[in-house]
Amino acid sequence: MTHEGWKPVPGLEDAYEVSNRGRVRSTPRVNSYGRRVGGAIRAAYDDGSSLQVNLSRDGVRHQRRVHQLVLEAFRGPRPLGMECCHNNGDYTDNRLDNLRWDTPTSNRLDTVNHGNHPGASRDRCVRGHLLVSGNLLPNSRGRSCRSCNAGRSARRRRGTDLDKYANEFYNALGLENR
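All values derive from a computational prediction rather than experimental measurement.

Participant: When you look at the nonpolar core in this model, what are you seeing that I'm missing?
Facilitator: General note: in soluble globular proteins, nonpolar side chains tend to be found buried as a group. Ranked by size, the top nonpolar core spans 19 residues in total, and within it Val-9, Val-18, Val-24, Leu-55, Leu-69 and Val-70 carry the most contacts. At the level of secondary structure, the elements contributing two or more residues to this core comprise strand E2 (16–19), strand E6 (51–57), helix H1 (66–75) and strand E9 (99–102). Looking at which element gives the most residues to this core, the answer is H1, with six residues. Residues within four places of Val-9 in sequence aside, it is in contact with Tyr-16, Glu-17, Val-18, Leu-55, Arg-64 and Leu-69. Counting residues in hydrophobic clusters, the runner-up holds five residues, among them Cys-125, Cys-145, Cys-148 and Ala-166.

Participant: Could you clarify how one ought to interpret the sheet that holds strand E7 (residues 60–65) in this entry?
Facilitator: Through backbone hydrogen bonds, the strands of a sheet pair up, either in parallel or in antiparallel fashion. On the basis of which strands lie adjacent, the open sheet formed by three strands has the order E5-E6-E7 and antiparallel pairing. Strands at the two margins of the open sheet, each flanked by one partner only, are strand E5 (44–45) and E7. In this structure, E5 lies alongside E6, joined through two bridges in antiparallel fashion. Pairing of Ala-44 across the sheet is with Gln-52, part of E6. Lying over the sheet, H1 contacts E6 and E7, oriented at roughly 85° with respect to E7.

Rules of the game
- Residues numbered from 1 in each chain as written.
- Predicted model: local features only at pLDDT ≥ 70, side-chain atom pairs only at ≥ 80, totals over all residues.
- Heavy atoms only, no water.
- Core = buried A, V, L, I, M, F, W, Y, C linked by side-chain atoms within 4.5 Å.
- Buried < 20%, exposed > 50% of the residue type's maximum accessible area, 1.4 Å probe, protein only.
- Helix = DSSP H or I, 4+ residues; strand = E, 2+ residues; numbered from the N terminus.
- Contact = heavy atoms within 4.5 Å.
- Pairing = 2+ DSSP bridges.
- Axes fitted to C-alpha atoms, helices over the stretch in contact; angles between N-to-C directions.

This is the structure:
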């Protein structure tokens, strides 16, 4: 296990620190109410599946996601157009080794590859075609049906019936339409 290193939370350097293991703590100090504070801060789930903490300074509360605090403290500010990505797909694993800045597209493809995407578990498209190798198109929204995509293209190019062409394409792949 790596040594736990601590760095100040950007923007709240005088009050909070974050570790490379994804823990957050308050630095020992006297708060705006004259109370001595300091110590570990418990993270809670936000409305999704990420962990967040409530940090405050001068009576103003700041809700921050732990993974963003870790990356900002150890890797620097978020580059323009980038998001925080979890390498292993576990949104509660906020170790520095598990985090990176990457594009939104890469982040969505990660959710598909890790099985966290809501559409990744579908086995059929809306027209009943099996979503199996040979009939799959990975995209930023998950997986899509290659046959239906071919049908949409044919409809745009030639004005043909989408359902008819998609089913013909699907049958040509040699897959049963169950």
